[in-house]
Amino acid sequence: MAALVALSVACDSGSARPSGVGLQIAEPTDPLRPEAERGVIRTDVETTDYAIDATLHPDEHRIEGLERITFRNRSTAAIDQLAFHLYMNAFSAEDTAWMKEGRGSHRANGQGKTSPWGYIDVRTVRLVEDGTEIPMVLGVDPSVATVDLPSPLPPGETLVLDVAWHTHLPEVFARTGYAENFVMAAQWYPKLGVLERDGRWQNHVFTFHSEFYADFGHYRVILDVPSDWVVGATGIRTAEAEEGERTKLTYEAAHVHDFAWSASPDFIEHIAEHDGIRIRQLHTPQTLADAQAHLDAQIQALDSMQPRFGPYPWSTITMIHPPAQGLGAGGMEYPTLFTSSPLYELPPPVGWVVQQRLDGRFTTVHEFGHQYFQGLLASDEFSAPWLDEGMNTFSNSLVLDDADDGAWAIRVLGHELDVGDLLRLDMGQLDGVGVVDLPADGFRNADGLYGRVVYRKTAAVMRTLRNLVGHDAFDDAMRTYATRFRFTHPTPEDLIATLAAELTSDPASPGQVALGDDVQLDVRAWLQQGLRTPRGVAFAVRWVENRRVEGSGGFHRDDDGQWSETPVEDDRDVEGLIVLERSGSFATPVQVEVTFDDADPVRVWWSGDAPTLIRTFPGRRVRSVHIDPDRHLELESERYDNHRYARRSERPTTATSDLSDLTEALMHAAMLGVGP
């Protein structure tokens, strides 16, 4: 029988007990939270609805399915064809686009030996109106297919199709499949592509780096599974019926663009509630002790992201923890449901001196974050994967920044490294490469750039811009973007235009942000460099000295043309001189701090437009110069030459400064070994 348990006590993690842990929290009756909690949702977003009846045959690793698709032509053109994704066919043979790129491996998980292949076999496609059967034709790759309509479907009209199919699941290695008695059913049914406004289909081939893009709709899914199997799925469970040794479970999901589910007879249930949202975890016996840590991470993510990006609109969150043999399904997002990964402890002696929170806890934060940047802001992940993966990674970094115990990601002997420190390491690997705003197939698996560029460079770009323009102003602009484009398909231009408009200091100068000292940041031009060029950020202090001001001592010709000597004034004033260099090709404003022997420090802004800046300080003796003293430029990896003392100025030595230097040196050395 299934080990279905509602925990009566929370796993002890030393943290405060979240609301609702250990209670018998009922399944919600509506897949959406009440309007007062979720906010207003547009009524015109649901384009494609699915009603699916599916039967799992675990011994045969097969799902038999029948789906009724209701599709509304919301484009401006009549269409004579439907375009389908058959994602599972990416794993059907060695010569598919996905397999040729992935070579049978994903995130270090290889194909299984017993049943390595997966596929979808579509048997029939029928128009419900008159029963006409329409052939489905595979495209240039078996992951895409088309259906020619008997007659064009005009704009604004609706058609209803019945599609019968079966899916053969592979052994888990790339997000989906089975592992012994565990099933992860993801991208498991025939699914329509997206009909763009102009009547053209976006129906990309499933490649190694391309993820998913679909329209919003309503799902009603009946899953027929063995009675001793525990199921977690998108949406809410609305019905349950026993039929002999099998159970039919009915799920409803609203305003979502996908449906995924997982099942196992070994799942143990852990239920909690936070902010009126039912949080359900499905664990194996081996991972159950980590339930509270994942719950803490989930609550931390909700409390950080809702104020920034608007309320989470759905009534449930389901978190799947795959068993050890099914880790290939870990770390992936679907509407209202995601898979996480295990916690881990660093082995001694490293674990004695190093603490980290980048294990399964961060996976939980990251995969939940996709509920916003993939679930609500359903951008075209094939054309611009950074709008989801990169912006989500950026948002996850803010969750760590908001942590009650500080913004650290790694602690070494108590010395903290934050997300900005880690991002700088990655930026050091992008020497003249790394354009963010590319389609998914613009990256190759072999070059290892996808994760570093799409995920982490995007995060470094946005964190740097946020530091430059001010956290509050940037957060307000992002909230506007997230609110304006909820339940739509925003493009890169939508995000850039929103940031440029919302960050404007003066309406008469759109897109310009005043930083001080007559220095302005052009948001569009700055993002153009950060997202659409490989330019790197690098600054250096090239020279600092104190010199005597220009005097009149020495021999000069007088009015009569005779040489005469003027004595040198020994007590003449000095002036400080600094020479700064922008050695990187990315032109960005930067703040500079100058300290003096005989005056208070000053901070000035440099536009960074010119390759050098020479500045004098008459009457002052410069002690030191520090470019970017607050470490705002998280795109800049090399910082050793950002700080320099004038000759004959003694640098103060403290334990803190020495440890800081040591940390930066270690980080620099580690750059050679950092990978995505």
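To be clear, the structure that these remarks concern was listed above.
Residues numbered from 1 in each chain as written. Predicted model: local features only at pLDDT ≥ 70, side-chain atom pairs only at ≥ 80, totals over all residues. Heavy atoms only, no water.

Asker: I'd like a rundown of the nonpolar core, residues and numbers included.
Answerer: Membership of the largest hydrophobic core comes to 167 residues, with the highest contact counts inside it found for Leu82, Trp188, Trp261, Trp386, Met462, Leu499 and Leu527. Sorting elements by how many residues they give to this core places helix α8 (residues 449–469) first, with 12 residues. Contacts of tryptophan 386, omitting those with residues within four sequence positions, involve Met391, Val436, Asp437, Val454, Thr458, Met462, Pro492, Leu495 and Leu531. (Core = buried A, V, L, I, M, F, W, Y, C linked by side-chain atoms within 4.5 Å. Buried < 20%, exposed > 50% of the residue type's maximum accessible area, 1.4 Å probe, protein only. Helix = DSSP H or I, 4+ residues; strand = E, 2+ residues; numbered from the N terminus. Contact = heavy atoms within 4.5 Å.)

Asker: I'd like a rundown of the packing of helix α3 (residues 291–309) against helix α9 (residues 471–484), residues and numbers included.
Answerer: At a minimum axis separation of 7 Å, α3 and α9 run at an interaxial angle of 80°. Regarding the angle of α3 to α9, the classification is roughly perpendicular. Of the residues in α9, those touching α3 at Gln306, Pro307, Arg308 and Phe309 are Asp475, Met478, Arg479 and Ala482. Class assignment of the residues belonging to the contact of α3 with α9 gives a composition of 4 nonpolar, 1 polar and 3 charged. (Axes fitted to C-alpha atoms, helices over the stretch in contact; angles between N-to-C directions. Parallel < 35°, antiparallel > 145°, perpendicular 65-115°, else oblique. Nonpolar A, V, L, I, M, F, W, Y, C, P; charged D, E, K, R; others polar.)

Asker: Explain the sheet that holds strand β15 (residues 217–226) to me, using residue names and the numbers behind them.
Answerer: In spatial order, the strands read β6-β9-β2-β1-β15-β18-β17; together these 7 strands make up an open sheet with mixed pairing. Every other strand in the sheet has two partners, leaving β6 (119–127) and β17 (236–243) as the edge strands with one partner each. Looking at each pair of strands side by side, their axes are set apart by 15° on average, direction ignored. The sheet contact formed by β6 and strand β9 (residues 158–168) spans 8 bridges and is antiparallel. (Pairing = 2+ DSSP bridges.)

Asker: Provide a residue-level description of the packing of helix α6 (residues 389–401) against α8, including the pertinent values.
Answerer: Where α6 contacts α8, the two axes come as close as 8 Å, and the packing angle between them is 55°. As judged from the angle between their axes, α6 and α8 are oblique. Seen along the crossing, α6 lies across α8 with a hand that is right-handed. Residues Glu389, Gly390, Met391, Thr393, Phe394, Ser397, Leu398 and Asp401 of α6 pack against Tyr450, Val454, Tyr455, Thr458, Ala459, Met462, Arg463 and Arg466 of α8. Within the contact of α6 with α8, the residues separate by chemical class into 8 nonpolar, 4 polar and 4 charged. (Left-handed = near helix turned anticlockwise from the far one by under 90°.)

Asker: Can you break down the pairing of strand β34 (residues 590–596) residue by residue, with the values?
Answerer: In terms of burial, β34 is largely enclosed, as 6 of its 7 residues are buried. In the sheet, β34 pairs with strand β35 (residues 602–606) via 5 bridges, with the strands oriented antiparallel. Within β35, the position partnered with valine 590 by the bridge is tryptophan 606. The loop that links β34 with its antiparallel partner β35 comprises 5 residues. Examined bridge by bridge, β34 and strand β37 (residues 622–627) share 5 bridges and lie antiparallel to one another. The residue bridging valine 592 from the neighbouring strand is isoleucine 627, located in β37.

These results come straight from atomic positions and should not be treated as a statement about function.
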